[in-house]
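# Observations on chain architecture
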Amino acid sequence: MLLDPSTKYLPYPAVAFPPGYTRRWPTQRALKAPTWLSTDLRDGNQALVNPMSNERKLELFRALVKIGFKEIEVAYPSASEQDFQFCRSIIENGEVPDDVTLQIITPARADLIERSIWSLAGAKRAIIMLYNAVSPVFREVVFRNTQEQTIDMTLKAVRFVKKLTEEVSAQTGTHFQLNYCLETFSQTEPEFAVEIANRVFDEWGKATPESKIIFNLAATVECAPSNHYADQVEYFNNNIKQRDCVTISIHPHNDRGTAVAATELGLLAGGERVEGCLLGNGERTGNVDLITLALNLYSQGVSPKLDFSNLKEVSDLVCKAYETTVPPRYPYAGQLVFTAFAGTHQDAIKKGLDTQAKRWAEVDRTGQGTKYWAMPYIPIDPKDLGYGYENLIRVSSQSGKAGTAYIIKQNMLLDLPRKMQVAVYKIVQEQSEKLGKEMTTALIASAFRQSFSLDSKPVGRLFLHSYSLFPLSPSTKEPSSPVSDYSDDLMTLTPPAEDQSVLRFEGEVTVDGTKRTIRGEGRGPVLAVINALSNDLSIELTIRESEAQTINADNLPNAKSVTYIEMSIKDGKSTAWGVGISSDVVTSKCRAVISAANGLVGEMEFPRPRMIFAPQPVTKSRADSWLQGIKLRAGRVLSLSSDMNGTSSVHV
């Protein structure tokens, strides 16, 4: 690259507005959609390495009609027999709705003009786009024409188009409009662009407010900032004759990467019609992207009059037709445009969704206000384009606690306490770094369930299989009847009215793969379980924090009670969260304690199970049975017998 590029490249010239002139376009706002012309089937097609077959073009044409385009550029009929036949087939086979106008393009050559016009014979409405390059570099280098010679050549072509369209119209009833394209308008002197356009207007001589002449101000090469293009359009808009009989159409390309901005400013400067392609396909860097333009309007509350409510389907069809792919970060249509990996972004989106849900619920409740969209980082509701919210937040090792919490809430319905979110994210982050990849929803759910012992089979060192709770008499401390037996399938028992009731807990717990029974007492089920862990396993636990949640989801047969509990062990420096989920609130609490204990015990050694003596009832016959079969010295054997009263007798 040159140290001083000014020695090789010239800056763009300013538009010569009158002294003291104040530009209007900076103060305007887009309040309605422009007329859209899709040029996918022509301009987009000619830019492809492998041009579309007519079968594929027909599939795309039907999609464009379905989206809502009322003007479609379908071919360059003089360029190939295939293009000519495509025009004829969609007209003759009734593919063109009455409210759709077909446009074709032709250079300013008599032999090519004639074939182009006949390609549209029989259509209800048709537009002939006549073009020739008018900028100095083309006039002087390519055609070696003066300005006047360029005008003369253009007017000769216009006269021929007028004569032939009138003849074809008389025979077939087709109504023709003229679209004169000032090719390379963006590099043309504004004064000359206006002069040649006014001469074409006079030569056509048929423009009315009901049947306007179209002037296509093509930024064939985007060679200056968007504001300069807007200046050019505004100058043209101010100086073209009989403005009410003229439609200003703009056709930006994307050489500087600002075609969308140039189009939006060009519309503010007086443009009324936009020519472009879906996803911005076209020569070099492409035409302007009509999807982006339309959805930019939509995000500002202006209907684009185009339907992209199933954007992925449209995008897939365009990619199939073009044999291309959409970059993942491409505006609106990219796979990742509604996705946040960064923790700060995820936190803002999660808060935004929660706040908006409450605000919308309040609108439903009161019938007042508007359900407007106001979301950090997400300017348009993905659901309006056929997407869900599942892709809004995705988790990698670079994400934060909010993203993980959002995914768990969306997919497991668990609304984690804020402090617990930090602990959960550390688990997910470690797993992500270990795997070296994104944590999918399935991986996050698996890591969460395993870390908090939520599987139906033992995962950690401790696992609660079943339990019973017995109320104890305050005076005798003797149990009465069980309060609750553990069973998710049969949870009809009601927990004590007060958690302060003194209870005895007896639970069957797997400890390092071996089932054993632990027992404890306490005021309420949580303290009773903690006491049982202390009595039988020497695990000394202290409660730090706890929260509860009830899940009433449409896809669940019964409401679920969720208990979140943070506990510490011994010195209080080591803490862990536990989670318990059950149809029964008491069971969820008991499970949460065991879950937290699993996170705290580490490599701790547990004491052996206590040996509990259980005396067996003894009968007389059993007490005397040791005499049975004793052999005496004389060789005789003792035998026992019992009478009807149960009295035993010894016989030799």
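Procedures and definitions
- Residues numbered from 1 in each chain as written.
- Predicted model: local features only at pLDDT ≥ 70, side-chain atom pairs only at ≥ 80, totals over all residues.
- Heavy atoms only, no water.
- UniProt positions renumbered as here; feature names shortened; annotations may be inferred.
- Pairing = 2+ DSSP bridges.
- Helix = DSSP H or I, 4+ residues; strand = E, 2+ residues; numbered from the N terminus.
- Axes fitted to C-alpha atoms, helices over the stretch in contact; angles between N-to-C directions.
- Contact = heavy atoms within 4.5 Å.
- Expected span 1.5 Å × (residues − 1).
- Buried < 20%, exposed > 50% of the residue type's maximum accessible area, 1.4 Å probe, protein only.
- Polar contact = N/O pair within 3.5 Å; in protein donor to acceptor, adjacent residues only side chain to side chain.
- Phe/Tyr/Trp six-rings, centres within 6.5 Å; stacked < 30°, edge-to-face > 60°.
- Lys NZ or Arg CZ within 6 Å of the ring centre and 35° of its normal.
- Salt bridge = Lys/Arg side-chain N within 4 Å of Asp/Glu carboxyl O.
- Patch = residues over 30% accessible without salt bridge, like charges linked within 9 Å, V, L, I, M, F, W, Y side chains within 5 Å.
- Areas by Shrake-Rupley, 256 points an atom, 1.4 Å probe, with all protein chains shown as cover.

The name given to the chain in an unreviewed UniProt entry is 2-isopropylmalate synthase, and the organism recorded there is Amanita thiersii Skay4041. Note on the chain: under the UniProt heading Sequence similarities (unreviewed entry), the record states "Belongs to the alpha-IPM synthase/homocitrate synthase family. LeuA type 2 subfamily." Here the chain is described in UniProt, under the heading Catalytic activity (unreviewed entry), as follows: "3-methyl-2-oxobutanoate + acetyl-CoA + H2O = (2S)-2-isopropylmalate + CoA + H(+)".

Let's shift gears to the sheet that holds strand β7 (residues 246-252). Strand order around the closed barrel formed by eight strands is β1-β2-β3-β4-β5-β6-β7-β8, with parallel pairing between neighbours. Going from strand to strand, the sheet's axes swing by 25° on average, the running direction of each strand aside. Strand direction decides the pairing type here: strand β3 (residues 101-107) and strand β4 (residues 125-133), joined by six bridges, are parallel. If you follow Leu-102 over to β4, its bridge partner there is Ala-126. Lying over the sheet, helix α2 (residues 54-67) contacts β1 (35-38), β2 (71-75) and β3, oriented at roughly 170° with respect to β2. Docked against the sheet, helix α9 (residues 259-268) engages β7 and β8 (273-276), running at close to 165° with respect to β7.

Right, let's get into helix α17 (residues 585-601). Between its terminal C-alpha atoms α17 stretches 25 Å, which fits the 24 Å expected from 17 residues at 1.5 Å a residue. Burial of α17 is extensive: 15 of the 17 residues sit out of reach of the surface. Sitting at the head of α17, Asp-584 places a side-chain oxygen 3.3 Å from the backbone nitrogen of Val-586. Trailing α17 by a residue or two, Gly-602 shows a phi angle of about 55°, which is positive.

Scanning the entire structure with this criterion turns up nine aromatic pairs. Ring geometry for Phe-215 against Phe-236: centres 5.9 Å apart, planes inclined by 70°, an arrangement best described as edge-to-face. Taken together, the residues Phe-215 in strand β6 (residues 213-219) and Phe-236 in helix α8 (residues 226-239) connect sequence positions 21 residues apart. Linked through ring pairs, Phe-185, Phe-215, Tyr-229 and Phe-236 together constitute an aromatic cluster. One cation-aromatic arrangement involves Lys-57 over Phe-86; the distance from NZ or CZ to the ring centre is 4.6 Å. Positioned above the aromatic ring of Phe-192 is the side chain of Arg-139, whose terminal nitrogen or guanidinium carbon lies 4.8 Å from the ring centre.

The subject of this paragraph is the environment of Thr-174. One can find Thr-174 in the loop between α6 (147-172) and β5 (175-183). Considered as a pair, Thr-174 and Ala-123 are 51 residues apart in the sequence and their alpha carbons are 5.5 Å apart. If we ignore the near neighbours within four places in the chain, the residues touching Thr-174 are Leu-120, Ala-121, Gly-122, Ala-123, Lys-124, Ala-126 and Ser-169. A polar atom in the side chain of Thr-174 sits 2.7 Å from the backbone oxygen of Ala-123. A polar contact is formed between the side chain of Thr-174 and the side chain of Thr-172, at a distance of 3.1 Å.

Counting through the fold element by element, Ser-534 comes out in helix α16 (residues 525-537). According to the relative accessible area criterion, Ser-534 is buried, its value standing at 19%. Not counting residues within four places of it along the chain, the set of residues in contact with Ser-534 comprises Ile-539 and Glu-540.

Inspection of every chain in the model, using the stated rule, returns 35 salt bridges. The salt bridge involving Asp-202 is made with Lys-241; its shortest N-O contact spans 2.8 Å. You can see Asp-202 sitting in helix α7 (residues 190-204) and its partner Lys-241 sitting in the loop between α8 and β7, a full 39 residues away along the chain. Through salt bridges with shared partners, a single network forms among Lys-350, Asp-354, Lys-409 and Asp-415.

Let's shift gears to the sheet that holds strand β13 (residues 560-569). Taken together, the three strands give an open sheet; going across it, the order is β12-β13-β14, and neighbouring strands pair in antiparallel fashion. Where the open sheet ends on each side, the last strands, each with one partner, are β12 (541-551) and β14 (574-582). Neighbour-to-neighbour, the strand axes of the sheet open up by a mean angle of 15°, direction not taken into account. Packing of α17 onto the sheet brings it into contact with β12, β13 and β14, and relative to β14 it is tilted by some 150°.

This part is about the environment of Phe-236. According to the relative accessible area criterion, Phe-236 is buried, its value standing at 1%. For the pair Phe-236 and Glu-195, spaced 41 residues apart in sequence, the C-alpha separation works out to 9.7 Å.

Within the secondary structure layout, Asn-598 lies in helix α17. Under the relative-accessibility criterion, Asn-598 is labelled buried at 14%. Not counting the four nearest positions on each side in its chain, Asn-598 is found in contact with Ser-453, Gly-460, Arg-461 and Leu-462.

This paragraph deals with the side chain of Ser-186. Note on placement: Ser-186 falls in the loop between β5 and α7. Here Val-221 takes part through its backbone oxygen, which lies 2.8 Å from a polar atom of the side chain of Ser-186. In this structure Ser-186 touches Ala-218, Ala-219, Thr-220, Val-221, Cys-223 and Gln-232, once residues within four positions along its chain are discounted.

A surface patch of nonpolar side chains, about 350 Å² in accessible area, is lined by Val-137, Val-141, Val-142 and Phe-143. Looking at where Phe-143 falls in the secondary structure, it is placed in the loop between α5 (136-142) and α6.

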